[in-house]
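# Examination of the molecular architecture
For reference, the chains in residue letters:
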Amino acid sequence: MARTMFCVMMALLTAGCDRMITPRHAQQLKDAEAKATSGDFARAISLYESALEDRPTDAEIHYKLALLYDDKMSDPLNALHHFKRYLAVAPNGRRANDVKSFVQRDEVALLTSLSGDAVISRAEATRLRNENLSLRKDLDEARGRSHLATTDSSPNDAKTKGRATSKQTYVVAHGDTLASISRKFYKTSTRWKQILDANRDIIDNPKKLAAGQTLVIPGR
């Protein structure tokens, strides 16, 4: 008799607890749905997580949390956790097949984010490879044209540069002659006529140079 009364009392207490929990749980789910609909995804997640504290084996809450983490928060790690919790709680549930596909997708996404690599389709990879080959071909052709242009212009550039860098100037000192200046620059006095030819516009008398004149000295 005592045992029977004890069982009845426990049943009543349990039923009372269920009645106390159920309204709170239902309100949390209702509020979470409203927050998700309004776009407050972080608050919706918080409410769903609170609801799980009362019913940690509620597969539907795990599913909704996984979708929020996956689609709204771009968080494949937490999405995977709740998808796998769904499968643990309801391995044959009505959403099980979809959840298994989501798990595979999120595992790839998570590995990709950790490795820094991009996962692309075969068609996209082919397109990118063809574009790369085309760009490489264009670059090679451009380099070829540039090489030809450089080859064609290099002799003239070299001559111009040679002329520009080979010319020097010299300020005539008292007592200088074309022969002495030739000796100073060319180690021989025989090239005085080159200096004269380069400065005919300023040399009036080759035999008598004016101190202070600036002469152009041709290249060696």
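Our subject is the structure that appears above.
Below is a short write-up of the structure. (Residues numbered from 1 in each chain as written. Predicted model: local features only at pLDDT ≥ 70, side-chain atom pairs only at ≥ 80, totals over all residues. Heavy atoms only, no water.)

### Remarks on the overall build of the protein chain
Formally: The secondary structure listing takes helices from DSSP runs of H or I that are at least 4 residues long and strands from runs of E that are at least 2 residues long, numbered from the N terminus. The buried label goes to any residue with under 20% of its type's maximum accessible area, the exposed label to any with over 50%, and the partly exposed label to all in between, with areas taken from a 1.4 Å probe on protein chains only. In these tables, accessible area is a Shrake-Rupley quantity obtained with a 1.4 Å probe, and a residue counts as shielded only by the protein chains included in the view.
Counting secondary structure elements, the protein chain contains eight helices and two strands. Mapped from its N terminus to its C terminus, the protein chain presents α and β elements in the order α-α-α-α-α-α-β-α-α-β. Within the protein chain, the proportion of its 220 residues that are buried is 23%. Only carbon and sulfur atoms are counted for the fraction: they give 56% of the accessible area of the protein chain, which is about 15,400 Å².

### Structural notes on the pattern of salt bridges
Which entries qualify depends on this criterion: Only one rule defines a salt bridge in this text: a Lys or Arg side-chain nitrogen within 4 Å of an Asp or Glu carboxyl oxygen.
One pass over the full model with this rule turns up eight salt bridges. For glutamate 33, the salt bridge goes to lysine 64, with nearest N and O atoms at 2.4 Å. Taken together, the residues span a long stretch of sequence, with glutamate 33 in helix H1 (residues 2–38) and lysine 64 in helix H3 (residues 59–72) at a distance of 31 residues. Judged by its relative accessible area of 33%, glutamate 33 is partly exposed. We classify lysine 64 as partly exposed; its relative accessible area is 29%.

### Focus: unusual backbone geometry
For serine 74, which is not glycine, the phi torsion reads 50° and is therefore positive. Positionally, serine 74 belongs in the loop between H3 and helix H4 (76–89). Although it is not a glycine, lysine 187 sits at a positive phi angle of roughly 65°.

### Observations concerning helix H2 (residues 41–54)
We count it as follows: An expected span of 1.5 Å times one less than the residue number is assigned to each helix. The arc in question is traced by the directions running from the helix axis to the C-beta atoms.
A rise of 1.5 Å per residue sets the reference length of H2, with its 14 residues, at 20 Å; its end C-alpha atoms lie 21 Å apart and thus fit the reference within 8%. By the burial criterion, the buried members of H2 are Ala44, Ile45, Leu47, Tyr48, Ala51 and Leu52. Down the axis of H2, the buried side of the element spans an arc of 165°, and every buried residue falls inside it.

### Focus: the nonpolar core
Put simply, the test is: Buried Ala, Val, Leu, Ile, Met, Phe, Trp, Tyr and Cys residues that are joined via side-chain atoms within 4.5 Å together make up what is termed a nonpolar core. Residue contacts follow a heavy-atom distance rule, with two residues in contact if any of their heavy atoms lie within 4.5 Å.
Among the nonpolar cores identified, the biggest contains 21 residues, and Tyr48, Ile61, Leu65, Phe83, Tyr86 and Val99 are the most heavily contacted of them. The element contributing the most residues to this core is H3, with seven residues. For tyrosine 86, the residues in contact, after removing those within four places along its chain, are Ala59, His62, Tyr63, Pro91, Gly93, Arg94, Arg95, Ala96 and Val99.

### Quick notes on H3
Short version of the rule: Polar contacts, as used here, are pairs of N or O atoms within 3.5 Å; protein pairs need one atom able to donate a hydrogen and one able to accept it. Residues neighboring in sequence count only if both atoms are side-chain atoms.
Helix length check: H3, at 14 residues, gives a terminal C-alpha distance of 19 Å against a target of 20 Å (1.5 Å per residue), a fit within 8%. Burial in H3 covers these residues: Ala59, Ile61, His62, Tyr63, Leu65, Ala66, Leu68, Tyr69 and Asp70. The backbone nitrogen of glutamate 60 lies 3.1 Å from a side-chain oxygen of the residue at the head of H3, namely aspartate 58. In the stretch just after H3, serine 74 is the one whose phi turns positive, near 50°.

### A word on the packing of aromatic side chains
So the rule is basically this: In summary, the pairing rule links any two rings of Phe, Tyr or Trp, Trp by its six-membered ring, whose centres are within 6.5 Å, and it sorts them by plane angle into stacked for under 30 degrees, edge-to-face for over 60 and tilted for everything else. Charge-over-ring contacts are defined here by two conditions on Lys NZ or Arg CZ: a distance within 6 Å of the ring centre and an angle within 35 degrees of the ring normal.
With the rule as written, the count across this model stands at four aromatic pairs. Cation over ring: arginine 191 sits above tyrosine 186, and NZ or CZ is 3.9 Å from the ring centre.

### Re the side chain of histidine 25
By secondary structure assignment, the location of histidine 25 is in helix H1. Accessibility expressed as a relative area gives 5% for histidine 25, which makes it buried. Ignoring sequence-local partners within four residues, the contact set of histidine 25 consists of Ala51, Asp54, Arg55, Asp58 and Ile61.

### With respect to the environment of alanine 211
Among the secondary structure elements, alanine 211 is positioned in the loop between helix H8 (192–198) and strand E2 (214–217). As a C-alpha pair, alanine 211 and valine 172 span 39 residues in sequence and 4.9 Å in three-dimensional space. Ignoring anything within four residues of it in the chain, the contact list for alanine 211 reads Val172, Ala173 and His174.

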